[in-house]
2 protein chains.
Amino acid sequence: MEDMLLMTPGPTMVPEEVKKVAGMQPFHHRTEEFYQLFSKLNENLKKIFQTKNEVITLTSSGTGGMEAAVANLFSAGDKVLVASIGYFGERFYDIARAYGLDAEIYDFGWGNAVDLDILEDKLKKGNYKALLVTHNETSTGVTNNIENIAKIANRYNVPVIVDAVSSLGGIPLKMDEWGIDAVITCSQKCLMSPPGLSFIALSDRAWEMTKTSNLPKYYFDLRKAREGVLKPKPDTPATPAVSTIMAVAKATDMLLEKGLDNVYKKQSEYGKKVRKYVKELGLDLLPSEEVASNLITAIKVPERYKASDIINYMKEKHRVLITGGQGPLKGKIIRIGHMGYLTDEMLDKALYALKDAISSL
Amino acid sequence: MEDMLLMTPGPTMVPEEVKKVAGMQPFHHRTEEFYQLFSKLNENLKKIFQTKNEVITLTSSGTGGMEAAVANLFSAGDKVLVASIGYFGERFYDIARAYGLDAEIYDFGWGNAVDLDILEDKLKKGNYKALLVTHNETSTGVTNNIENIAKIANRYNVPVIVDAVSSLGGIPLKMDEWGIDAVITCSQKCLMSPPGLSFIALSDRAWEMTKTSNLPKYYFDLRKAREGVLKPKPDTPATPAVSTIMAVAKATDMLLEKGLDNVYKKQSEYGKKVRKYVKELGLDLLPSEEVASNLITAIKVPERYKASDIINYMKEKHRVLITGGQGPLKGKIIRIGHMGYLTDEMLDKALYALKDAISSL
């Protein structure tokens, strides 16, 4: 599998320098060497989250980070609104329900972004304790306008919890400036590292909310984790995935060296390039151009093709891995991920493989 | 840090072959290649757990696995007994309390094993829904006799939940034969891999208990995870730490190739060798010989030394990392881990470093 080009919504390709670090002997997590590395990572993450507050590192997948947000901010029976535009919106709802919240889901439609007028209407009337929303919905290739969503939510004093699992470090998300109360991401998407870590930052208002939350938590207890981060020699309550921390420290160094704005610009160019190419092949995108993600492109599969045939052809003939649809879109779309570590050559190879599949099948 | 010899209670040394795998490009987790690898890992784990039931892989540290046991088996208010012999017994109690169980802790003393008579007396009268107990207590270098503990608990029909985080794959633990209801372990101790994964297996009786548990869980939902494991193409509910799964698959292959009985025998020899060497240096062990762990040795620090001086000397002069005491034993003991991947040469190097520290300081 070493030669496979992953054009998937995570795990994504990991740069050589980062893989090298991931394959090193893990440090012991109670040593000066680890404390220095973890301090560095925490500083890097604050820059990428664009927040003055601490970013908490959890040894879990992104879903664990989403659960940490729910378990730490709320109490059983709290009324929250999940603004869903696909599979991961529904996951947020499922987590909230599992924890006994009075969660309401509003489905804006798979392939659409959140409609700001409808959202405003709901927030005005709903008396919600919080809004839970996905930034970049990988199941449909749609990016929400979080800046405007946060503006509206703040107008009605509703804290905004953002699943930025697939977006952070790839497209702009200014946590403090936009007034976002919780941001969750993970290691294996735009942060160019192996899976195994999630990251979460809270606003001052959200840290206040943690004080009254009565939901059970221990492993995902963010207040305890923050105590570790705030130590002069920062640590974690339990043994973390040290190798992956080492990898993300390296990968975030690389990302910040490039500069966030440059990364955003490149992602935006890649997004446009993929959509243009796909349209020139005569294929239709699932979402409209205005809401299409620059990190992943969802393409409708024409009647005359089978999604799995296209995916298998690209995989077997070209060693390029893309994915199909999830939930109601299974068999109806294919998805090309172009987030995280990606070069022009890699993207061109993937697009050529798609073209070949479309013309050969 | 690449040259540092970790003689710690985890992370432990990772063999070259396993590090190589950990540093590979992670597979995508919805591919044939991953399904085959995960099937293989699941088969390996069943052999190491010595159970016919499925072993569940969680992307978390061992503490997350302990929390999964609590959250899936119990309901708020359930009365459980934690038989504690140190730091990790107390952690099990803290988790049970965090989830609202009516948990009672009995402290058998840091440095002692569980006293079987006292335990029997408590189980006879206590009407407990379960017994939570640590197999190998790394904070004190003591191993409990889990076979006999399980025998007594089963006599009173009390399910036994065993924290085998630091023991499984290093010393005998026959889950099914001994009648144990839950066993938890993790990747970075005897399984010779980087940290980031925990593993848990349940007995038929414990799977029955999951049906009535009313505690909130989503990320650690074992029933949902088992559905994934039981698929013909086994998967996980969320993106797992794929690289670490690849590493543990390799490491467990190596462990089973050696043969569990050979590994147990070697660990037993290493344990004896360390204790003999330590005594010959004129040092005292924390626990008695009868309950001393073959995976980690806790040594009392004589009055004339400072624990941190010994640790630093061994680290700086010999590049050998051992650890100090936790909780009430901080400053009073040093601990030499000798679990997982270890050769005669590595052990000799560590013992010589200790000798040099003791004679030089």
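Residues numbered from 1 in each chain as written. Chains lettered and ligands numbered in written order. Predicted model: local features only at pLDDT ≥ 70, side-chain atom pairs only at ≥ 80, totals over all residues. Heavy atoms only, no water.

Peer 1: Would you explain the UniProt feature "modified residue: N6-(pyridoxal phosphate)lysine" (unreviewed entry) in chain A in this entry?
Peer 2: All names here are of chain A. Feature annotation in UniProt places "modified residue: N6-(pyridoxal phosphate)lysine" (unreviewed entry) on K189, given in this structure's numbering. Mapped onto the elements of the fold, K189 is located in the loop between β9 (182–186) and β10 (198–202). Look at K189 and you get buried, because its relative accessible area is 8%. The residues contacting K189, other than those within four sequence positions of it, are P9, G10, T12, V165, S166, M339 and G340. (UniProt positions renumbered as here; feature names shortened; annotations may be inferred. Helix = DSSP H or I, 4+ residues; strand = E, 2+ residues; numbered from the N terminus. Buried < 20%, exposed > 50% of the residue type's maximum accessible area, 1.4 Å probe, protein only. Contact = heavy atoms within 4.5 Å.)

Peer 1: Could you clarify how one ought to interpret the domain arrangement of chain A in this entry?
Peer 2: Frequently, the measure chosen for interface size is the accessible area removed from exposure when the parts meet. Residue and element names in this part refer to chain A. Here chain A is described as being made up of domain 1 (5–11 + 259–360) and domain 2 (16–257). Between the C-alpha centres of domain 1 and domain 2 the distance comes to 26 Å. Around 2100 Å² of area is buried between domain 1 and domain 2 when both sides are counted, 66% of it from carbon and sulfur atoms. Looking at the side of domain 1 facing domain 2, the largest losses of area belong to L260, Y264 and Q326, adding up to 26% of the total buried there. On inspection of domain 1 and its partner domain 2, the count reaches zero salt bridges. The interface formed by domain 1 and domain 2 includes nine residue pairs in polar contact (both at pLDDT 80 or more). Sorting the residues of the side of domain 1 that touches domain 2 by element identifies α11 (260–280), β11 (296–300) and β14 (333–337) as the ones contributing at least two each. (Domains from an automatic or database assignment. Buried area = accessible area lost by both parts, 1.4 Å probe. Salt bridge = Lys/Arg side-chain N within 4 Å of Asp/Glu carboxyl O. Polar contact = N/O pair within 3.5 Å; in protein donor to acceptor, adjacent residues only side chain to side chain.)

Peer 1: Honestly, the sheet that holds β14(A) in this entry has me stumped. Any pointers?
Peer 2: Backbone hydrogen bonds are what pair the strands of a sheet, in a parallel or an antiparallel way. Residue and element names in this part refer to chain A. Read from one edge to the other, the open sheet built from three strands follows the order β11-β14-β13, with strand pairing classed as antiparallel. The open sheet terminates on both sides in strands that have one partner only, identified here as β11 and β13 (323–324). Judged from the five bridges that link them, β11 and β14 form a sheet pairing that is antiparallel. In the strand pairing of β14, A298 is matched with R335. Running at roughly 35° to β14, helix α12 (residues 307–318) makes contact with β13 and β14 of the sheet. (Pairing = 2+ DSSP bridges. Axes fitted to C-alpha atoms, helices over the stretch in contact; angles between N-to-C directions.)

Peer 1: Can you walk me through the nonpolar core in this structure?
Peer 2: Ranked by internal contacts, the top residues of the largest apolar core, which has 194 residues, are F74(A), L131(A), I161(A), F74(B), L131(B) and I161(B). If we skip the residues at most four places from it in the chain, I161(A) touches A69(A), L73(A), F74(A), F92(A), A130(A), L131(A), L132(A), V133(A), D181(A), A182(A) and I184(A). (Core = buried A, V, L, I, M, F, W, Y, C linked by side-chain atoms within 4.5 Å.)

Peer 1: What's the story with the relation of the copies chain B and chain A in this structure? I'm lost.
Peer 2: What relates the pair of chain copies is a rotation about an axis plus a shift along that axis. Of the two same-sequence chains, chain B is brought onto chain A (RMSD 0.0 Å, axial shift 0.0 Å) by a rotation of 180°. Within this description, the copies of the chain are treated as partners about a two-fold rotation axis. In terms of C-alpha distance to the rotation axis, chain B has G23(B) as its closest residue, with the C-alpha 1.8 Å off the axis. Interface overlap between copies: 100% of the residues of chain B at the interface are likewise at the interface in chain A, consistent with a symmetric, same-surface contact. (Least-squares fit on C-alpha atoms with pLDDT ≥ 70 in both.)

Peer 1: Would you explain the UniProt feature "binding site: substrate" (unreviewed entry) in chain A in this entry?
Peer 2: All names here are of chain A. Annotation from UniProt places "binding site: substrate" (unreviewed entry) at R335. One can find R335 in strand β14. Taking the relative accessible area as the measure of exposure, R335 reaches 5% and is therefore buried. In this structure the side chain of R335 is engaged in a polar contact, spanning 2.8 Å, whose partner is the backbone oxygen of T138.

Peer 1: How should I be thinking about helix α9 (residues 222–230) of chain B in this particular structure?
Peer 2: Each α-helix turn comprises 3.6 residues. Residues three or four places apart therefore point the same way. Residue and element names in this part refer to chain B. Three or more residues of α9 are buried, namely L222, A225, G228 and V229. Taken end-on, α9 shows its buried residues confined to a sector of 110°, consistent with a single buried face. Pointing more than 90 degrees away from the buried face of α9 are the exposed residues E227 and L230. Residues of α9 that are buried make contact with α2 (32–49), β2 (55–58), α3 (62–73), β10 (198–202) and α8 (204–210). Capping the start of α9 is the job of one residue whose side-chain oxygen sits 3.1 Å from the backbone nitrogen of R223: D221. (Arc of directions from axis to C-beta.)

Peer 1: Help me understand the pattern of salt bridges, please; the structure alone is not making it clear to me.
Peer 2: For side chains of opposite charge, pairing can occur when their charged atoms come near one another. Residue and element names in this part refer to chain A. In this structure the tally under the stated criterion is 41 salt bridges over all chains. Among the salt bridges present, the one from K40 reaches D253, with a minimum N-O distance of 2.5 Å. Taken together, the residues K40 in helix α2 (residues 32–49) and D253 in helix α10 (residues 242–258) connect sequence positions 213 residues apart. Judged by relative accessible area, which is 39%, K40 ranks as partly exposed. Using a relative accessible area of 25% as the deciding quantity, one classes D253 as partly exposed. When the shortest N-O distance is used, the salt bridge between R275 and E289 registers 3.0 Å. Taken together, the positions of R275 in helix α11 and E289 in the loop between α11 and β11 put the pair 14 residues apart, joining distant regions of the chain. Since its relative accessible area comes to 5%, R275 is described here as buried.

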